[in-house]
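# Fold and geometry: a report
Here's the letter readout for the chains.
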Amino acid sequence: MRFKINEIGEDGLTLDVAITSEWLAEACPDLEAHPGPRGLKLRGRLSQSGDDYLLQARIAGSLEAPCARCLETARFAVDAPMTLTFVSADEGEDIGDDADVVGFAGNVIDLRDETRDEILLAIPLKPLCKEDCRGLCSVCGRNRNTTLCDCEERARQAASRFAAIGNLKI
């Protein structure tokens, strides 16, 4: 996801970059997600605007991650627009606080960090395999979406049987 500025012609540079599992693992080592069956792509255009460069793109497709309740695969759509201005800046030069303005040094524009950030923002805090996911049983650990169990009810009944003992005064 690095592009030389001399490759950006008068009409701009069309981007159609697949985001792979390997790239995600490298960019986000603690993220337990990978592209879904539809894949994940960065598509758009990088064009020159005076001395600056404008990126107008979209990250679209799907990702898969473990469900926050049952640990089965949760699949969710990603559709994240990206509009950024890249300005030439020396290493360490302050370019201000605008989140939509990114500095680059030399003759290469690197989209890796911004792409990673947009993907991380697009991932739900608690991905679910389905909205009504029942999760795992806290007693036996079974997936309650596939196996019904009465472990929690039996634990409540056992606790209520012994509740009277707690009220005894000796």
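Criteria and cut-off values
Residues numbered from 1 in each chain as written. Predicted model: local features only at pLDDT ≥ 70, side-chain atom pairs only at ≥ 80, totals over all residues. Heavy atoms only, no water. Helix = DSSP H or I, 4+ residues; strand = E, 2+ residues; numbered from the N terminus. Contact = heavy atoms within 4.5 Å. Polar contact = N/O pair within 3.5 Å; in protein donor to acceptor, adjacent residues only side chain to side chain. Salt bridge = Lys/Arg side-chain N within 4 Å of Asp/Glu carboxyl O. Buried < 20%, exposed > 50% of the residue type's maximum accessible area, 1.4 Å probe, protein only. Arc of directions from axis to C-beta. pLDDT = per-residue confidence, 0-100. Pairing = 2+ DSSP bridges.

Moving on to the overall build of the protein chain. The secondary structure content of the protein chain amounts to four helices and seven strands. In the protein chain, the order of α-helices and β-strands from amino to carboxyl end is β-β-α-β-β-β-β-β-α-α-α. Within the protein chain, contacts between residues at least 6 apart in sequence are counted, and of these 54% link residues at least 24 apart.

Our next topic: the side chain of E64. Within the secondary structure, E64 sits in strand β4 (residues 52–66). Only 2.6 Å separates the side chain of E64 from the side chain of R75, close enough to count as a polar contact.

A separate point is the pattern of salt bridges. Where charged atoms from two side chains of opposite charge approach closely, those side chains can pair. Tallying each qualifying case throughout the model produces seven salt bridges. With its nearest N and O atoms 3.4 Å apart, the salt bridge here joins K41 to D16. Note that K41 is positioned in strand β3 (residues 34–49) and D16 in strand β2 (residues 13–18), a separation of 25 residues in sequence. When its relative accessible area of 46% is taken as the criterion, D16 is described as partly exposed. The residue R75 makes a salt bridge to E64 at a minimum N-O spacing of 2.6 Å. Placement of the pair is R75 in strand β5 (residues 73–88) and E64 in strand β4, with a sequence separation of 11 residues. The network of salt bridges with common partners includes D16, K41 and R43.

Of the positions making up helix α2 (residues 112–122), those classed as buried are E114, T115 and I119. Projection of α2 onto a plane perpendicular to its axis shows the buried side chains occupying an angular sector of 135°, all on one side.

Overall, the prediction assigns the protein chain a mean pLDDT of 87, with 88% of residues at 70 or greater. By mean pLDDT, helix α4 (residues 163–166) is the weakest element of the protein chain at 64, and β4 is the strongest at 95.

Our focus in this paragraph is the pairing of β2. Here β2 shows a buried face lined by L13, L15 and V17 and an unburied face lined by T14, D16 and A18. Pairing of β2 with β3, which is carried by six bridges, proceeds in the antiparallel orientation. In the sheet register, L13 faces β3, and the bridge partner there is L46.

Among the structural elements, D113 can be located in helix α2. Given a relative accessible area of 43%, D113 falls into the partly exposed group. As a C-alpha pair, D113 and A27 span 86 residues in sequence and 8.0 Å in three-dimensional space. Here R116 takes part through its side chain, which lies 3.3 Å from a polar atom of the side chain of D113.

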